[in-house]
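# Coordinate analysis (summary)
Each chain, written out:
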Amino acid sequence: MKNPMLSGIATQHVATLEAISAAKERRAGPGVTTVTNVFGPSHKDVSPESGQSRHEQVVFCSDEQSGLRAIIAIYNTTLGPALGGTRFYPYASEQEALADVLNLSRAMAYKNALAGLDHGGGKAVIIGDPATDKNEALLRAFGRFVESLSGRYITACDVGTYSEDMDLMSRESRFVTGRTVANGGAGDSSVLTAFGVFQGMRAAAEHAWGAPTLHGRRVGVEGVGKVGHRLVDHLIEDGAEVVICDVDERAVERVKTRHPGVEVVADKGALTRADIDVYAPCALGGALDDETVGRLAAKIVCGGANNQLAHLGVEKQLAERGILYAPDYLVNSGGVIQVADELHGFSMERARDRATRIYDTALKIFGLAEEEGVAPAVAADKLAERRMSEVGRIRGIWLGR
Ligand SMILES: NC(=O)c1ccc[n+]([C@@H]2O[C@H](COP(=O)([O-])OP(=O)(O)OC[C@H]3O[C@@H](n4cnc5c(N)ncnc54)[C@H](O)[C@@H]3O)[C@@H](O)[C@H]2O)c1
């Protein structure tokens, strides 16, 4: 194995790996390496909250002919089968891909727990450029690896993968969701992601200003792609003033055509310096760095982007500046709620009902944070951990069959 991090682990756990290797070949066939319970202190750099980095299972998948190189990480299955999307991304190295999938799968465990789903946390990454490396054989080969896990991991869309890709994977595996509507799927998950972000923002408005509405407030939306442009629709309907920015002219044009009154600014710098009440990061991760937090005029941050806090401690800086931060993985859980519902025969009404509850959970978290004198991000983690522990424990009750 080329990756020095993995070589180190393999040396420390030769016995474990040898013990599982025979079973591994029987279970998953050639091309799969299944590494179980081997993550120790060497992964603290990947997930700094020590003690939280012990993933249940990490699977390396390779199919030379189609060019597939993928990693599936299952953080936990405490609440049920691990659920999380597959990211198709041109990682610079295997190590970078591993770090990403370990972090993302852990975050999914927290997101699913807080969303009230009976799912553990998992995620997959495919190493490559989706624009040039994606092909039918590769996606179907990946589907077979997902199937080989017998339902311990259920995949869906993420950056670089779409419902059409899920359709192809689902021809090889039962454990694929987020398929196209034509194929019995829930379709584009950004519909309920945007709706959920809006519910979180209403709760933040209630907590900060005493009314669950953005009416008359100025909201800055960074990134008006799939999630962002739908969020703008909700905001306009609610009577908010909206300011947007995006690096893609076409994305800006789409919003301007639907809502000519929306103001456009050049970039994130201009948006976060503007006189706005709410900042909604809906582009890439890491939006909340020291510089941005330092200059932000907004009193609320609530957006759809994943991993908004650039580093640990930003949540405290936000609180110190009196800015209410709605935890990203709570407010953007509408998408996973949508694809989880598909596993039971999709009902938009049922999924939407569940996504509406993001409002109540957000209010609960803001209240808990105030009560305990911690940042909402910390309170959200606590609540998710509590559910994993309390609901996870009941699985230990012997059913007698
Ligand atoms: N789609 C979902 O259901 C979903 C669910 C949960 C979380 N998210 C997260 O929400 C975010 C947006 O997802 P999406 O599905 O809308 O993706 P998208 O690619 O459709 O939209 C992202 C938009 O951000 C713009 N952008 C990129 N860099 C920018 C920059 N520096 N400044 C301004 N705009 C920039 C892009 O041009 C694009 O229009 C991502 O972080 C994603 O991980 C999405």
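Residues numbered from 1 in each chain as written. Predicted model: local features only at pLDDT ≥ 70, side-chain atom pairs only at ≥ 80, totals over all residues.

### Regarding the overall build of the protein chain
As a reminder of what qualifies: Where helices and strands are cited, they refer to DSSP runs of H or I of at least four residues and of E of at least two residues respectively, numbered from the N terminus. Think of it as a crowd count around each C-beta: if 20 or more other C-beta atoms lie within 10 Å the residue is buried, if 12 or fewer it is exposed, and in between it is partly exposed, with C-beta placed from the backbone throughout. Residue pairs qualify as contacts under a 7 Å threshold applied to their C-beta atoms, which are placed from the backbone.
Check the secondary structure of the protein chain and you find 17 helices and 13 strands. Relative to its full complement of 401 residues, the protein chain shows a buried share of 48%. If you take every contact in the protein chain between residues at least 6 apart in sequence, the share linking residues at least 24 apart comes to 65%.

### Quick notes on the site of the ligand
Basically, it comes down to this: Residues are counted as near a molecule or strand when the C-beta atom, derived from backbone positions, lies within 6 Å of that molecule or strand.
Around the ligand, 26 residues are found, and the nearest of them are Gly223, Gly225, Val227, Ala283 and Gly335. At the level of elements, α7 (190-209) and α8 (226-238) are the ones that each hand at least two residues to the shell around the ligand. The element best represented in the shell around the ligand is α8, accounting for 3 residues.

### Remarks on the sheet that holds strand β9 (residues 241-245)
Note the cut-off: For two strands to count as paired, DSSP must find a minimum of two bridges between them.
Strands sit in the order β10-β9-β8-β11-β12-β13 across an open sheet of 6 strands; the sheet is parallel. The strands lining the two open edges of the sheet, one partner per strand, are β10 (263-264) and β13 (324-325). Note that strand β12 (residues 300-301) and β13 share 2 bridges and pair parallel. Paired with Val301 across the strands is Tyr325, a residue of β13.

### Quick word on the UniProt feature "active site" (unreviewed entry) in the protein chain
Heads up, the condition is: UniProt positions are given in the numbering used here, feature names are shortened, and annotations may be inferred rather than shown by experiment.
Per the UniProt record, "active site" (unreviewed entry) is annotated on Lys123. Mapped onto the secondary structure, Lys123 falls in strand β6 (residues 120-127). With 29 C-beta atoms packed within 10 Å, Lys123 lands in the buried category. Setting aside chain neighbours within four positions, we find Lys123 in contact with Ala73, Gly84, Gly85, Val101, Leu104, Ser105 and Met108.

### Focus: unusual backbone geometry
In most cases, non-glycine residues show a negative phi, while peptide bonds are predominantly trans. Even without being a glycine, Ser150 presents a positive backbone phi close to 55 degrees. Tracing the backbone shows Ser150 in the loop between α5 (136-148) and β7 (153-154). For Ser150, a count of 12 C-beta atoms within 10 Å corresponds to the exposed category. Phi is positive for Asn307, close to 50 degrees, though the residue is something other than glycine.

### Let's talk about the confidence of the model for the protein chain
Selection rule: pLDDT measures how confident the predictor is about each residue, on a scale from 0 to 100.
On average, residues of the protein chain score 89 in pLDDT, and 87% of them reach the 70 mark or higher. Taken together, the stretch residues 41-52 has pLDDT below 50 and engages in 18 contacts with residues farther than four places along the chain or on a different chain.

### Re helix α17 (residues 376-394)
Inclusion rule: For a helix, the expected span equals 1.5 Å multiplied by the residue count minus one.
End to end, α17 covers 27 Å across 19 residues, agreeing with the expected 27 Å (1.5 Å per residue, within 8%). Restricting attention to buried positions, one finds in α17 the residues Pro376, Ala377, Ala379, Ala380, Asp381, Ala384 and Met388. Elements that come into contact with the buried residues of α17 comprise α3 (94-114), α12 (314-320), β13, α13 (328-331) and α16 (358-372).

### A short note on the packing of α16 against α17
Convention followed: Here an axis means a line fitted to C-alpha atoms, over the contact stretch when the element is a helix, while the angle between two N-to-C directions is reported on a 0 to 180 degree scale. Reported orientations rely on four angle classes, namely roughly parallel under 35 degrees, roughly antiparallel over 145, roughly perpendicular from 65 to 115, and oblique for the rest. The nonpolar class holds Ala, Val, Leu, Ile, Met, Phe, Trp, Tyr, Cys and Pro. Asp, Glu, Lys and Arg form the charged class, and all remaining residues, Gly among them, are polar.
Two elements in contact, α16 and α17, have axes separated by 8 Å at closest approach and are oriented at 110 degrees. It follows from the interaxial angle that α16 and α17 lie roughly perpendicular. On the side of α16, the interface is formed by Ile365, Phe366, Leu368, Ala369 and Glu372, while α17 contributes Pro376, Ala379, Ala380 and Leu383. By residue class, the composition of the contact of α16 with α17 is 8 nonpolar, no polar and 1 charged.

### Some remarks on the nonpolar core
To keep things clear, this is the line we draw: To form a nonpolar core, buried Ala, Val, Leu, Ile, Met, Phe, Trp, Tyr and Cys residues must be joined through C-beta atoms within 7 Å. Where a domain begins and ends is set by an automatic assignment or by a domain database.
Counting 114 residues, the largest nonpolar core has Ala70, Ile71 and Phe142 as the members making the most contacts within it. If you count residues domain by domain, this core takes at least three from each of domain 1 (4-112 + 119-183) and domain 2 (190-342 + 356-387). Excluding anything up to four places from it in sequence, Phe142 contacts Cys61, Leu68, Ala70, Ile126 and Met169.

### So, the packing of α3 against α17
Axis separation between α3 and α17 bottoms out at 8 Å; the angle between their running directions is 80 degrees. The angle between α3 and α17 places the two elements in the roughly perpendicular class. For the pair α3 and α17, contact is made by Tyr110, Ala113 and Leu114 and by Ala380, Asp381, Leu383, Ala384, Arg387 and Met388, respectively. Its residues assigned to classes, the contact of α3 with α17 shows 7 nonpolar, no polar and 2 charged.

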